[in-house]
Amino acid sequence: KLKPVRMDELPIPNYDDYFEAYQQAKFKKLQQPRVLFETSRGCWWGAKLHCTFCGLNKESMDFRMKSAQRVLDELSTLRERYGHVTNYFNAVDNILSISYFKDLLPQLKDWQPPLQIFFEVKSNLNKEQIRFLALSGICDIQPGIESLSTPILKLMRKGVTFLQNVRLLKWCKYYHINVHWNFLFGFPGEQIEEYTKLADVIPLLTHFDAPDWGKVRFDRFSPYFTTPELFGLTNLRPYPAYSYIYPHLSEADLYRLAYYFQADFADQELISIYTQKLRNHLKYWKRINGQSQLIATSNAGCLLVWDYRPIAKSPVHVLGAFEKRVFELCDDITDCDRIISTLEVEKEFKVTRVKVEEVLRAFTDNGLVLNEGGHYLALAIMPDASDTEKWLKPIFENLILECVRDFGAKGGLDAT
């Protein structure tokens, strides 16, 4: 059993040797260094429900953290020492403490100039929390998204839904936070039919940050490793690479040494087949990352939805007053009952369930809104009026380029 660590009593790290070497390095202009800092250890979610594939923390899953003031003191000291070289700071934590939204982040947002911070977070954050991240200088995050299928997320014990994961991607796009995330597949017991749904969903999301992807591993200390029988895993064995790196070790020694494992389970030979379409979509998403747009702007009582995704059915959708209001009410995850209740309170329109459902169906048919089990989420970024020009500028620049190329192809304009 590990002795309890009083986090506030830990020393502030000293990177003097590293930065002295960095200042003398020939490559220093090619790579921006990042200062590492720590605010917590363990995982507050894993302490409640251990994600099946996670092998982090070993026996130290219990979450413990530094006080907000201690974190501020540490960041202030590190900035004073190394701020002349870099303004990038990376938290090495497994997960951001929710309590920091109340005591740490409100103080960080007053720092001038703001730090540029990376944190790992749980993916169920709402709009206000993500706004706080942005205001506090947290410009890069790694959320535990892992999948965009609620049944598969439940299989992982992630404690989030597909729509919550998409909502995070949306609000991070809105607040200009870079999202570094992974899409995992090949989980024991996953429903193959979910990948047919995923192949239909992924093309709708290409205006958000694209993920990296890969097959799930069975890591030491994860539930897959400690209780493989619960997940139908047999023949748990180290990755083949270990035997090449350590050719003189016995199988038993390799097993004791290894961190990455393979195993046998039902339908594993089909994984490469039923995930092929998904992986093709993910590759395409990665290739066009940052080029796709879906923006909604108000104009003369209407809502213009500018759809410049490859999947777009129309470059612009014009929504009348009623459609506009329903679409706005889908800006966060909602359902038909809440939409109707809000419209009835506002008393601007005559409301019937049939009318609302008809509008929602049109939105989903056009790929503008996601629907999961009667819960809806609009996919378009809806900027404030003051930001509209900034968001639409890339779209209009692309339109102009398309026109120039079109005229050039017809011989009416020099395309250069």
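All values derive from a computational prediction rather than experimental measurement.

Draft legend 1. Just the overall build of the protein, in detail. Along the backbone of the protein there are 18 helices and 18 strands. Counting only C-alpha atoms and orienting by the principal axes, one finds that the protein spans roughly 70 × 55 × 55 Å. Here the protein, with 416 residues, has 46% of them falling under the buried criterion. Of the contacts formed within the protein by residues at least 6 apart in sequence, a portion of 71% connects residues at least 24 apart. Total accessible area computed for the protein in this model is approximately 21600 Å², and 53% of it derives from carbon and sulfur atoms. On the protein, the mean spot of the 51 positive side-chain charges and the mean spot of the 52 negative ones are 1 Å from each other.

Draft legend 2. The arrangement of the side chain of Arg70 in detail. Examined against the element boundaries, Arg70 turns out to sit in helix α3 (residues 68–82). For Arg70, a relative accessible area of 10% gives the class buried. Beyond its immediate stretch of four places on either side in the chain, Arg70 contacts Asp8, Leu10, Pro11 and Ile12.

Draft legend 3. Spotlight on the nonpolar core. Judged by nonpolar contacts, the single largest core of 122 residues is most densely connected at Leu148, Leu205 and Phe327. Counting residues per element, this core draws most heavily on helix α8 (residues 162–174), which supplies eight residues. Once residues within four sequence positions are removed from consideration, Leu148 is found in contact with Phe162, Asn165, Val166, Trp181, Phe183, Leu198, Ile202 and Leu205.

Draft legend 4. Structural view of the pairing of strand β18 (residues 375–378). In terms of strand pairing, strand β16 (residues 334–335) meets β18 through two bridges, oriented antiparallel. Counted as the bridge partner of Asp335 is His375 from β18. Sheet topology places strand β17 (residues 369–372) next to β18; four bridges connect them, and they run antiparallel. Residue Leu370 lies in a different strand from β18, and its bridge partner there is Leu377.

Draft legend 5. Here's a closer look at the packing of aromatic side chains. Applying the stated rule across the entire model yields 25 aromatic pairs. When the centroid spacing of 5.0 Å and the interplanar angle of 90° are considered together, the rings of Tyr18 and Phe19 count as edge-to-face. Residue class for Tyr18 comes out partly exposed when judged on its relative accessible area of 44%. Overall, Phe19 belongs to the buried group, its relative accessible area being 6%.

Draft legend 6. Expanded view of the pairing of strand β5 (residues 116–121). Pairing geometry for strand β4 (residues 88–91) and β5, over three bridges, is parallel. For Tyr88, the partnering residue across the bridge sits in β5 and is Gln116. As paired elements, β5 and strand β6 (residues 138–143) share five bridges and run parallel to each other. Note on β6: the bridge partner recorded for Phe118 is Asp140.

Draft legend 7. The pattern of salt bridges, seen in detail. In this structure the tally under the stated criterion is 21 salt bridges. The partner of Arg131 in a salt bridge is Glu128, and the shortest N-O contact between them spans 2.6 Å. A residue pair is termed a helical-turn pair when its members lie 3 or 4 positions apart in one helix, as Arg131 and Glu128 do in helix α6 (residues 127–135) at three residues. Accessibility expressed as a relative area gives 41% for Glu128, which makes it partly exposed.

Draft legend 8. Representation of the sheet that holds β4. The strand order β1-β4-β5-β6-β7 describes an open sheet built from five strands, whose pairing is parallel. At either end of the open sheet lies a strand with only one pairing partner, and these are β1 (35–37) and β7 (178–179).

Draft legend 9. Representation of the state of the cysteines within the structure. One pass over the structure, following the stated rule, counts zero disulfides. The thiol sulfur of Cys172 is not disulfide-bonded, and the nearest other cysteine sulfur, from Cys139, lies at 11 Å. With no disulfide of its own, Cys330 lies 9.2 Å from the sulfur of Cys336, the closest cysteine sulfur. Residue Cys330 is classed as buried on the basis of its relative accessible area, which comes to 0%.

Draft legend 10. A look at the packing of helix α16 (residues 336–346) against helix α17 (residues 353–365). Packing of α16 against α17 leaves a shortest axis separation of 10 Å and a crossing angle of 120°. The orientation of α16 relative to α17 falls into the category oblique. Pair α16 / α17 crosses with right-handed handedness. On α17, the residues that touch Cys336, Asp337, Ile339, Ile340 and Leu343 of α16 are Arg353, Val356, Glu357 and Leu360. Taken together, the residues of the contact of α16 with α17 sort by class into six nonpolar, no polar and three charged.

Draft legend 11. Local environment of a nonpolar patch on the surface. Together, Tyr244, Ile245, Tyr246, Leu249 and Leu257 make up an exposed nonpolar region whose accessible area comes to about 530 Å². For Ile245, the location among the structural elements is in helix α11 (residues 241–245). Looking at Ile245, the relative accessible area reads 55%, which means it is exposed.

The rules we used
Residues numbered from 1 in each chain as written. Predicted model: local features only at pLDDT ≥ 70, side-chain atom pairs only at ≥ 80, totals over all residues. Heavy atoms only, no water. Helix = DSSP H or I, 4+ residues; strand = E, 2+ residues; numbered from the N terminus. Buried < 20%, exposed > 50% of the residue type's maximum accessible area, 1.4 Å probe, protein only. Contact = heavy atoms within 4.5 Å. Areas by Shrake-Rupley, 256 points an atom, 1.4 Å probe, with all protein chains shown as cover. Lys, Arg positive; Asp, Glu negative; His and termini not counted. Charge placed at Lys NZ, Arg CZ, Asp CG, Glu CD. Core = buried A, V, L, I, M, F, W, Y, C linked by side-chain atoms within 4.5 Å. Pairing = 2+ DSSP bridges. Phe/Tyr/Trp six-rings, centres within 6.5 Å; stacked < 30°, edge-to-face > 60°. Salt bridge = Lys/Arg side-chain N within 4 Å of Asp/Glu carboxyl O. Disulfide = S-S within 2.5 Å. Axes fitted to C-alpha atoms, helices over the stretch in contact; angles between N-to-C directions. Parallel < 35°, antiparallel > 145°, perpendicular 65-115°, else oblique. Left-handed = near helix turned anticlockwise from the far one by under 90°. Nonpolar A, V, L, I, M, F, W, Y, C, P; charged D, E, K, R; others polar. Patch = residues over 30% accessible without salt bridge, like charges linked within 9 Å, V, L, I, M, F, W, Y side chains within 5 Å.

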